[in-house]
Amino acid sequence: QVQLVEAGGALVQPGGSLNLSCTISGSIFNLGVMAWHRQAPGMQRDLLATIAPNGMAHYRPSAKDRFTISRDNAKNTLYLQMNSLKPEDTAVYYCNVALQLAPSSPYQAYWGQGTQVTVSS
């Protein structure tokens, strides 16, 4: 059974940094596009950044200058380096992955359980 386990969320002061990770476990044939989303209290879930298997990344404009998405295909792990954190970055952060379970199977979307990031002094 495929599982996505996120880690790295914490309470951090404004201006601080965090590095989130999302590790995919289980029997997987191929990883496709991977992404980070976040959901602040009372708000919709927003897409922050995506990264293709070849490493090409795209960012939401508000995340482009401070966040870096990366992936380690050998470790089936997705990362999000967040710098210069602001109180408005407080949210639950979710990873989302498109993957194939077998060569002939279609890509399916999987979600992590979320990790809480709180930016406060």
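Everything quoted here is computed from the prediction, not taken from an experiment. (Residues numbered from 1 in each chain as written. Predicted model: local features only at pLDDT ≥ 70, side-chain atom pairs only at ≥ 80, totals over all residues. Heavy atoms only, no water.)

A. The arrangement of the overall build of the protein in detail. Along the protein, the regular secondary structure elements total 0 helices and 11 strands. Moving toward the C terminus, one meets the helices and strands of the protein in the order β-β-β-β-β-β-β-β-β-β-β. Taken over C-alpha atoms, the radius of gyration comes to 14 Å for the protein, in line with the 14 Å a tight globule of 121 residues would show. Along the longest, intermediate and shortest principal axes, the C-alpha atoms of the protein span 50 × 25 × 25 Å. Within the protein, residue pairs in contact and separated by at least 24 positions form 55% of the contacts whose partners lie at least 6 positions apart. Summed over all atoms, the accessible surface of the protein reaches about 6,400 Å², with 51% contributed by carbon and sulfur. Taking the 8 positively charged and 6 negatively charged side chains of the protein as two groups, their mean positions are separated by 3 Å. (Helix = DSSP H or I, 4+ residues; strand = E, 2+ residues; numbered from the N terminus. Rg over C-alpha atoms; globule rule 2.2 N^0.38 Å. Contact = heavy atoms within 4.5 Å. Areas by Shrake-Rupley, 256 points an atom, 1.4 Å probe, with all protein chains shown as cover. Lys, Arg positive; Asp, Glu negative; His and termini not counted. Charge placed at Lys NZ, Arg CZ, Asp CG, Glu CD.)

B. Region of the structure containing the sheet that holds strand S3 (residues 18-25). Read from one edge to the other, the open sheet built from 4 strands follows the order S1-S3-S8-S7, with strand pairing classed as antiparallel. Either end of the sheet is taken by a strand with one partner, and the two such strands are strand S1 (3-7) and strand S7 (67-72). Strand-to-strand twist across the sheet, computed as the mean angle between neighbouring axes with direction ignored, equals 15 degrees. (Pairing = 2+ DSSP bridges. Axes fitted to C-alpha atoms, helices over the stretch in contact; angles between N-to-C directions.)

C. The arrangement of the pattern of salt bridges in detail. Following the criterion strictly, the structure yields 3 salt bridges and no others. Between Arg38 and Asp89 there is a salt bridge; the shortest N-O distance is 2.9 Å. Here Asp89 lies in the loop between strand S8 (77-82) and strand S9 (91-100) and Arg38 lies in strand S4 (residues 30-39), a separation of 51 residues in the sequence. In this pair, the class of Arg38 matches that of Asp89, namely buried. (Salt bridge = Lys/Arg side-chain N within 4 Å of Asp/Glu carboxyl O. Buried < 20%, exposed > 50% of the residue type's maximum accessible area, 1.4 Å probe, protein only.)

D. Here's a closer look at the packing of aromatic side chains. Counting across every chain of the model gives 1 aromatic pair. Consider the rings of Tyr94 and Trp111, whose centres lie 6.5 Å apart with planes at 80 degrees: the pair is edge-to-face. Taken together, the residues Tyr94 in strand S9 and Trp111 in strand S10 (residues 108-111) connect sequence positions 17 residues apart. By relative accessible area, which is 39% here, Trp111 ends up partly exposed. The residue whose ring lies beneath Arg45 is Tyr94, and the NZ or CZ to ring-centre distance is 3.6 Å. (Phe/Tyr/Trp six-rings, centres within 6.5 Å; stacked < 30°, edge-to-face > 60°. Lys NZ or Arg CZ within 6 Å of the ring centre and 35° of its normal.)

E. Looking closely at the pairing of strand S11 (residues 115-119). Alternating positions in S11 separate cleanly, Thr115, Val117 and Val119 being buried on one face and Gln116 and Thr118 remaining unburied on the opposite face. Inspection of the sheet shows strand S2 (residues 11-12) paired to S11 by 2 bridges, in the parallel sense. Within the sheet, the bridge partner assigned to Val12 lies in S11 and is Val119. One ladder, built from 3 bridges, connects S9 with S11; its direction is antiparallel. Counted as the bridge partner of Tyr93 is Thr115 from S11.

As far as function goes, none of this settles anything; it's purely spatial.
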